[in-house]
Amino acid sequence: DAKTTQPTSMDCAEGRAANLPCNHSTISGNEYVYWYRQIHSQGPQYIIHGLKNNETNEMASLIITEDRKSSTLILPHATLRDTAVYYCIVTGGATNKLIFGTGTLLAVQP
Amino acid sequence: DAGITQSPRHKVTETGTPVTLRCHQTENHRYMYWYRQDPGHGLRLIHYSYGVKDTDKGEVSDGYSVSRSKTEDFLLTLESATSSQTSVYFCAISKGQGLTGELFFGEGSRLTVL
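Quick caveat, the model's predicted, so the values are computed rather than measured.

Q: Could you clarify how one ought to interpret the environment of R44 of chain B in this entry?
A: Residues and elements named next belong to chain B. If you trace the backbone, R44 turns up in strand 5 (residues 42-51). Distance from R44 to W34, taken between C-alpha atoms, is 8.6 Å for residues 10 residues apart in sequence. Among residues more than four places away in sequence, those in contact with R44 are W34, Y35, R36, D38, E59 and V60. In this structure the side chain of R44 is engaged in a polar contact, spanning 2.9 Å, whose partner is the side chain of D38.

What follows is the structure, encoded as structure tokens:
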């Protein structure tokens, strides 16, 4: 499975859009990009996933670059409850398992 | 609510004792997983199951065994617990048809091995 690189931490002002980047330069053609988040001490929560087209759901938008080597998760109007660790995961290859890294700690500031 | 229950939620035990954690689901999904989470390591896959009696190893399977005798239950056993197995353990299910898809996680079981 392709490896991902995310910033260790980010801050965002409440009410503003939070843009979380992820690099996955070794992604292969059949691998998907998944995003999860984990609020302190809870189990991780699925947010969104995509293959090559941009995706949007009620929680967030996922923008994948045309070469698929990076992506951005967008929370359009961040709230304090969005403070969490966000994981970008690439999978779908030979092993097809979700392997979590250490993610990005997003701190939404009032 | 993803219909996942983990038990026990908290356990303190001593080195060398056996420990079994249970994951119970109410929706008969095929794929179930056990992860552990430790500071600085994120979540790491221990074992997973793709059906009754069908299991496979993940990244950190040494020292752990699993069993799935019925669809709704996936058991994680530490035959002889060690202090390095102090961790938070999460069970997850996949509601998709394949091995990945959306995973839904339980609330976690915090295990302390003294």
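Q: Where do I start with the state of the cysteines in this structure?
A: A disulfide bridge is the covalent bond that connects two cysteines by way of their sulfur atoms. All names here are of chain A. With the rule as written, the count across this model stands at 2 disulfides over all chains. Disulfide pairing places C22 opposite C88 at an S-S distance of 2.1 Å. Across the S-S bond of C22 and C88 the torsion is about -80 degrees, and the bridge reads as left-handed. Taken together, the positions of C22 in strand 2 (residues 18-23) and C88 in strand 8 (residues 84-91) put the pair 66 residues apart, joining distant regions of the chain. Not engaged in a disulfide, the cysteine C12 finds its nearest cysteine sulfur in C22; these two sulfurs lie 18 Å apart. Residue C12 is classed as buried on the basis of its relative accessible area, which comes to 9%.

Rules and cut-offs
- Residues numbered from 1 in each chain as written.
- Chains lettered and ligands numbered in written order.
- Predicted model: local features only at pLDDT ≥ 70, side-chain atom pairs only at ≥ 80, totals over all residues.
- Heavy atoms only, no water.
- Helix = DSSP H or I, 4+ residues; strand = E, 2+ residues; numbered from the N terminus.
- Contact = heavy atoms within 4.5 Å.
- Polar contact = N/O pair within 3.5 Å; in protein donor to acceptor, adjacent residues only side chain to side chain.
- Disulfide = S-S within 2.5 Å.
- Buried < 20%, exposed > 50% of the residue type's maximum accessible area, 1.4 Å probe, protein only.

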